[in-house]
Amino acid sequence: MRAVRFEKTGGPEVLEVVDVDTPEPKPGQVRVRHEAIGINFIDTYHRTGLYPVKLPCIPGGEAAGIVDAVGEGVTRHKVGDRVAYSGGFGAYAEANVVAADRAVKVPEGFDSNVAAAVLLKGMTTEAFIRRTYPVKAGETVLVHAAVGGVGQIMTQWLKALGAEVIATVGSQAKAAKARELGADHVILYREQDVAAEVRKITGGKGVPVAYDSVGKDTFEGTLGSLARRGLFVSFGNASGPVPPFPPARLAQGGSLYLTRPTLFDYIVTTEELDASAAAVFDVIASGKVKIEIGQTFALSDARKAHEALASRATVGASLLIPSLP
């Protein structure tokens, strides 16, 4: 089968399309023949070495497709089931083997492209806005990169919960998109002082929670936007990692909290995984959250996909489609 692999860390140019043996499922595993593969920022962190991985590496941890083989002892899925999974490696390929208890059934009538585009980002959103900080109706929330993959889902889901959303984006075009998604206020974080704008919007109070996937470029603005005892949810490094800072900064800002959560600590058990995935599929089926697949790439164009992601030229979700020439 074809797969995308890198043998050394670096820029998008290290990604190569290679022929590898099609994996066979071991006991407790299923093999998924991919219909669509999700592209996520964490894939770029693995490729660059920001998050160290064992080399050579077939990146990617998210895909949807058809189960075409099951290992010994598997009862959760059968051949022919449509499933999606999130986590691990090996998704940038025509097929992958995954633990049966980490793959979730895709509901009848639910598009595989949407499932591959939404599972990781949707469960991340679910965990962060319902469990890291259970957002309540009427609360004002700051969301950075509001038209990115997670940002689009988060903005819409927060509105469905009854929150007031302050969105930050990098351009006027993205500002218009954020408003379409339901954002109540939009800040151009490259041109405006985020903290000052947030204080103006909130009457000087600041926000009880801020979701920041940008990292270095927005760190100071996020800290300055929080209300007393506010929570800084840092979950990405799109502009680079946050520089070291003394914990006393949190005290000086008003006894602030900072957390660096990762989805996988919220879906440790199969029950947690199924509940989170079900919440994602349900909110999409309700029409309250719409998924925009902004870009699709052939498997052989994974390098171009990473270049687009790095340049922040993407809107919404990006997919690799193995069937594309």
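Calculation rules
- Residues numbered from 1 in each chain as written.
- Predicted model: local features only at pLDDT ≥ 70, side-chain atom pairs only at ≥ 80, totals over all residues.
- Heavy atoms only, no water.
- Helix = DSSP H or I, 4+ residues; strand = E, 2+ residues; numbered from the N terminus.
- Contact = heavy atoms within 4.5 Å.
- Phe/Tyr/Trp six-rings, centres within 6.5 Å; stacked < 30°, edge-to-face > 60°.
- Buried < 20%, exposed > 50% of the residue type's maximum accessible area, 1.4 Å probe, protein only.
- Core = buried A, V, L, I, M, F, W, Y, C linked by side-chain atoms within 4.5 Å.

A. Representation of the environment of Met123. With respect to the helices and strands, Met123 occurs in helix H2 (residues 112-132). Leave out the neighbours within four places in its chain, and Met123 touches Ser86, Val118, Leu263, Ile267, Leu273, Ser276, Ala277 and Val280.

B. View of the packing of aromatic side chains. Counted under the stated rule, the structure contains seven aromatic pairs. Consider the rings of Phe128 and Tyr266, whose centres lie 6.2 Å apart with planes at 70°: the pair is edge-to-face. Residue Phe128 is found in helix H2, and its partner Tyr266 is found in the loop between strand E13 (257-259) and helix H8 (270-285); the two are separated by 138 residues along the sequence. Residues Phe128 and Tyr266 agree in their burial class; the two are buried. Pairwise contacts between aromatic rings join Phe41, Tyr45 and Tyr51 into one cluster.

C. Summary view of the nonpolar core. The biggest cluster of nonpolar side chains holds 57 residues, and the ones touching the most others in it are Val135, Met154, Leu158 and Tyr211. Element by element, the count of residues in this core is highest for H2, at eleven residues. Those residues in contact with Val135, other than ones at most four positions away along the chain, are Ile129, Val141, Leu158, Leu161, Ala163, Val209 and Tyr211. In this structure, Val4, Val14, Val67 and Val74 belong to the second largest nonpolar core, which totals 27 residues.

D. Structural view of the side chain of Glu126. Mapped onto the elements of the fold, Glu126 is located in helix H2. Since its relative accessible area comes to 2%, Glu126 is described here as buried.

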